[in-house]
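# Chains, contacts and geometry: an overview
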Amino acid sequence: MPKLVTVPSIETRDLTKSFGHFTALNGLNLKIEGTKCVGFLGPNGAGKTTTLKLLTNMIFPTRGDALLNGVSVREDRKAALADAGVLIESPEIYPSLTPNEALEMVADLRGVPPAERAERIATVLGEVKMTEWADQKVGRFSKGMKQRINIAATLVHDPAVLLLDEPSTGLDPRGMAEVRAIVRDLKKSRRLIFMSSHILSEVVDVCDEVALIDRGKLLFYDTLENVTTRFSDGHASLDASFARPLEPADDARLAALPGVTGSQRLDPKRVRLRFQGGAGGQERLIEGLVGLHLGLLSVAESESALEEIYLQQISRGD
Amino acid sequence: MGAVVDGAAGRLRVPVSSEQVFKLTRYQLREYLRSRRFVALIAIIAVIGAILTALVAHFRGGLVSSNVAFYGSFWGGGIDLVIVLAAVFFGGDAIAGEFQNKTGYFLMGLPIRRTTVYVGKFIAAYLAAAATMLVFLAILLANGAYYFGTGAVPWQLLLSLALALVYLGAVLGATFFFSSLFKTSAYGFVLTAILFLFGFTILQDVIVGLVKIEPWMVISYAESTIGNVFGSGVNWGIFGTKTTTTTMIGRMMVQSTTWTPGIAEGFVIMLGYLIGTAAVGLLLFEREEFT
Ligand SMILES: Nc1ncnc2c1ncn2[C@@H]1O[C@H](COP(=O)(O)OP(=O)(O)OP(=O)(O)O)[C@@H](O)[C@H]1O
Ligand SMILES: [Mg+2]
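In this convention, every chain numbers its residues from 1, walking through the sequence in written order. Chain letters and ligand numbers both follow the written order, the letters beginning at A and the numbers at 1. Per-residue local features of the predicted model are confined to residues with pLDDT of at least 70, and side-chain atom pairs are confined, for both listing and counting, to 80 or more; whole-chain, interface and lining totals are unaffected and use all residues. Excluding hydrogens and water, the side-chain values take into account all heavy atoms of the structure.

## Quick notes on the overall build of chain A
Working definition: helices are DSSP H or I runs of at least four residues, strands are E runs of at least two. Numbering for both runs from the N terminus. From N to C terminus, chain A includes 11 helices and 14 strands. The principal-axis extents of the C-alpha atoms in chain A amount to approximately 70 × 45 × 45 Å. Exposure is judged per residue with a 1.4 Å probe applied to protein chains only, and the accessible area is read against the type maximum: over 50% gives exposed, under 20% gives buried, and values in between give partly exposed. Here chain A holds 318 residues, and the buried ones make up 53% of them. Once local pairs closer than 6 in sequence are excluded, the contacts in chain A between residues at least 24 apart make up 68%. Lys and Arg are tallied as positive, Asp and Glu as negative. Neither His nor the chain termini are counted. Lysine's charge is taken at NZ, arginine's at CZ, aspartate's at CG and glutamate's at CD. A gap of 2 Å separates the mean positions of the 39 positive and 43 negative side-chain charges of chain A. When checking whether two residues touch, look at their non-hydrogen atoms; a contact exists if any pair is within 4.5 Å.

## Focus on the packing of aromatic side chains
Residues and elements named next belong to chain B. Aromatic rings from Phe, Tyr and Trp, taking only the six-membered ring of Trp, are treated as a pair when their centres fall within 6.5 Å; an angle between ring planes under 30 degrees marks them as stacked, one over 60 as edge-to-face, and anything in between as tilted. On inspection of all chains with the given rule, the structure shows 25 aromatic pairs over all chains. Here the aromatic rings of Y32 and F90 are separated by 5.2 Å at their centres, their planes lie at 65 degrees, and the arrangement is edge-to-face. Taken together, the residues span a long stretch of sequence, with Y32 in helix 2 (residues 17–34) and F90 in helix 4 (residues 67–91) at a distance of 58 residues. Taking relative accessible area as the criterion, Y32 reaches 8% and is therefore assigned buried. A centroid spacing of 5.9 Å and a plane angle of 35 degrees characterise the contact between F74 and F136, whose relative ring orientation is tilted. With F74 in helix 4 and F136 in helix 7 (residues 114–148), the pair connects residues that are 62 residues apart, well separated along the chain. Assessed through its relative accessible area of 1%, F74 is described here as buried. Grouped by ring-pair contacts, the aromatic residues F70, Y71, F74, W75, F136, Y146, Y147 and F148 constitute a single cluster. The ring of Y27 is capped by R26, whose NZ or CZ atom sits 5.5 Å from the centre of that ring. Charge-over-ring contacts are defined here by two conditions on Lys NZ or Arg CZ: a distance within 6 Å of the ring centre and an angle within 35 degrees of the ring normal.

## Brief notes about the confidence of the model for chain A
pLDDT runs from 0 to 100 and stands for how confident the predictor is about each residue. Summarising the model, chain A shows a mean pLDDT of 89, and 95% of its residues fall at 70 or more. When pLDDT is averaged over each helix and strand of chain A, the minimum, 71, is found for helix 11 (residues 304–315) of chain A and the maximum, 97, for helix 1 (residues 48–55) of chain A.

## Considering the sheet that holds strand 14 (residues 296–301) of chain A
Residue and element names in this part refer to chain A. Two strands are counted as paired when DSSP detects at least two bridges linking them. The strand order across the open sheet formed by four strands is 12-13-11-14, and the pairing between neighbours is antiparallel. The open sheet has two edge strands, strand 12 (260–267) and strand 14, and neither has a second partner. Pairs of neighbouring strands in the sheet enclose a mean axial angle of 25 degrees, with direction left out of account. One ladder, built from six bridges, connects strand 12 with strand 13 (residues 270–275); its direction is antiparallel. Opposite Q264, over in strand 13, you have R272 as the bridge partner. What counts as an axis is a line fitted to C-alpha atoms, over the stretch in contact for a helix, and the angles between N-to-C directions run from 0 to 180 degrees.

## Some details on the environment of V56(B)
Residue and element names in this part refer to chain B. Here V56 lies in helix 3 (residues 36–59). Using a relative accessible area of 4% as the deciding quantity, one classes V56 as buried. Taking the C-alpha atoms as reference, V56 lies 9.2 Å from S73; in sequence the two are 17 residues apart. If sequence neighbours within four positions are ignored, V56 has contacts with L63, V64, F70, F74 and Y147.

## Structural notes on the site of ligand 1
All names here are of chain A. Nearness is judged by heavy atoms alone; a residue qualifies as near a molecule or strand once a single heavy atom is within 4 Å of it. For ligand 1, the set of nearby residues contains 14 residues, the closest of which are N44, G45, K48, T49 and T50. Counted as a polar contact is a pair of N or O atoms within 3.5 Å, where, for protein atoms, one must be capable of donating a hydrogen and the other of accepting one, and residues adjacent in sequence contribute only when both atoms are in side chains. The backbone of G45 places a nitrogen or oxygen atom 2.7 Å from an oxygen atom of ligand 1. Within the side chain of K48, a nitrogen or oxygen atom sits 2.7 Å from an oxygen atom of ligand 1. Note that accessible areas follow from Shrake-Rupley with a 1.4 Å probe, and for residues the cover is restricted to the protein chains shown. When the free accessible area of ligand 1 is taken as 640 Å², the share hidden by the protein chains comes to 64%. Those elements giving two or more residues to the shell around ligand 1 turn out to be strand 2 (22–33) and helix 1. By residue number, the principal contributor to the shell around ligand 1 is helix 1, which donates three residues. Taken together, the residues that form the shell around ligand 1 break down as five nonpolar, seven polar and two charged. In this count, Pro and Cys sit with the nonpolar residues alongside Ala, Val, Leu, Ile, Met, Phe, Trp and Tyr, while Asp, Glu, Lys and Arg are called charged and the others, Gly among them, polar.

## Focus on the sheet that holds strand 5 (residues 71–72) of chain A
Hydrogen bonds between backbone groups are what pair the strands of a sheet, and the pairing can be parallel or antiparallel. All names here are of chain A. Spatial ordering of the open sheet is given by 2-1-4-5, a layout of four strands whose pairing is antiparallel. The two strands at the open ends of the sheet, each matched to only one other strand, are strand 2 and strand 5. As defined by bridge partners, strand 1 (residues 9–19) adjoins strand 2 across eight bridges and the pair is classed as antiparallel. Note that in strand 2 the partner of F19 across the bridge is F22. Sitting on the sheet, helix 1 is in contact with strand 1, strand 2 and strand 4 (63–68), with an inclination near 115 degrees to strand 1.

In C-alpha cells, the structure reads:
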C-alpha cells in the first residue's frame, strides 16, 4: 500500500461560542495547513483559550465547527485528536504519579507501542530538562516543573499537530526561553504548531505566521513578514546602541543617513531609526552608522513595528 | 478518516475504546489503591468490624444462637454502611474532581471518548470499593470461624454478597451522577451520604405511613434484602409482602403496616437504580464543558 502523506491541518468554520449573552468567540474562520508555527496572538480575554478548547472538544460551539487533520472534533474527538498534542490551561497531573508514570499512561492510552515507550518518554523528559525528576511525585512539583511535564506529555507520541495554550506561562525567564527553544526545535520535525500567546515578542521569536484575535474576532492571519510590510507602508526600524551618550549634534548626522525617515532617542546611548528601502536600505544604513564613528556597539531590528501594529489593532475597537 | 502524516502518525494506532476503558481502569485503580483515602477507609472498616466484634462477644445470646443468625446480624448490620462509605470515598469526586482539580484537562487532551473516561472511572471506583468490602468480609469470616468453625459459613452469605455487590453499583451510580451534576466534589459527598445513610429510609417510612403503598421505588427498601436473606420464611419473589399488625397502646388500637421486599424484587430494583443513575450520569458528563 502506498504511504499516505497528507499535510497536517487545523481548521475552524464560523466557529462561535457564547457564554450566556456574552460572545467569547465570534465567527472564527481559519484554515491552517502545512508544517509551520502559527502564533495565536491576542490580549487577555481575547478568546484564545476558548478557541483552543473548542478545537479539542473540551467545550462545544454555539455555532460552527472545528477540525483537526480534517476530522471534526465534534463528530469524532478521538480520531481528531489522535495525531495531535494538546496543552490547554496548565492541567494538573494526578499528584501521586511520577513523570514517568504520567507519561507512560499518556503513551499507553495513545497507542505508543510498549517497546518504544521507555525511549520516547526519556527523550521528551530530556527535551524539557526534567530527566532527574522522572521518578519523583508530581504532587510536589512547582508550577513550572508541572508545566514542563505537561509539555512533555504533548510530545510523547510525536504528533503532527500541536495545540499549545500559552505554553510558557508559569515558567521563569530561563524556562520561558527554554520553551521557546523547544518550540523552535519542534518546527524542524515537520509539525504544525498552533501556539497562543499574549506576548508579541514570543510569537515573533518562534512563529512564522500570526493570527491576531481581539474580543472574539479575528483581525488578521498572515505571515509575520507580510504583516510587518502591510501595516508599516514600507518602513522598518533598527535600534542602535552606542558606547557613549550621543551629543545633540549627532542626531542630525543620524537623520541624514541614507534612507532614514525618522529617529527617536530611546535613552542617551540608544536610538531607534525608521528607514525605507528594505534589505538593501538596511545594509546601507548599517554601513552608514559604522562610518559615523560614534562608538556603535550593536544594531538590532526593533520590534516596534509589530508592537505598534499589535497595539494599534487591538485598541481600534475602544 | 484521520489524515496520516509522515513521521509518527502513520504507525500509531490509538487503541479501540474498549481497550482504553481497560487501560484507564487500571491506572485509576492504581491511583485509588495508593491513595490515603483507601488507607483511611480500611481503617474505618476495621473500626466498624471491631465494634461489631465487641458487641457480639459481649452480648452473645441470640446473636450467636446459630450460624445463620450470627452472619445475618454481623454482615447485615455493617455492610450497608461499608458500601455507602466506600462509594462516597471513591465515587464522590471521581467526576467533579476532574473539573475541580483541573486534572480533566490532562485527560481531555487525549484521543479518548468521554464515555471511556466515565466508564473507566466507574469500574475502577467499583473495584476499589469492592476491595474494601472484602476487608469487612474477612473480619466477618474470622469472627464466624471463632464461634462456629471454618466450615459453618451459611449459603445465604453468598447470595447476600451478590445483592450487596449490586447495591454497591447502585450507590456508586448515584454518587457518579451527583459528581457529574455538580462540578464541586463536596456536594456529591454530602448528598450521597445523606441520601443513602438516612434520607431514603425516611422517605420509605413516609411512603408507607402516608401514601400507604409498597415503597418499591425507594432503594433503601430494596437494600433490606441484603439482610433479609438470612431470615426464615424468606420471600424470594418479585412482589413484596404486606404485614399489618395491630397493637394496643393503652386503650388505643394502633395498626401498623410493614412491607418486605421479595429477594428477586430487591435485586431488580437495585439493578434498576444502578443502570438508571449510571446512564443519566453518563449523559450529563457527555454534555459537560471543561470551561
Ligand atoms: N465559562 C465561561 N463563562 C463565561 N465567560 C467565559 C467563560 N470562559 C471564558 N469566558 C469569557 O470569554 C472571554 C475569552 O476568554 P478566553 O479564556 O478565551 O481568553 P484568552 O484569550 O485565553 O485570555 P488570556 O490571555 O487571559 O488567557 C473572556 O472575556 C472570558 O471572560
Ligand atoms: Mg487563555
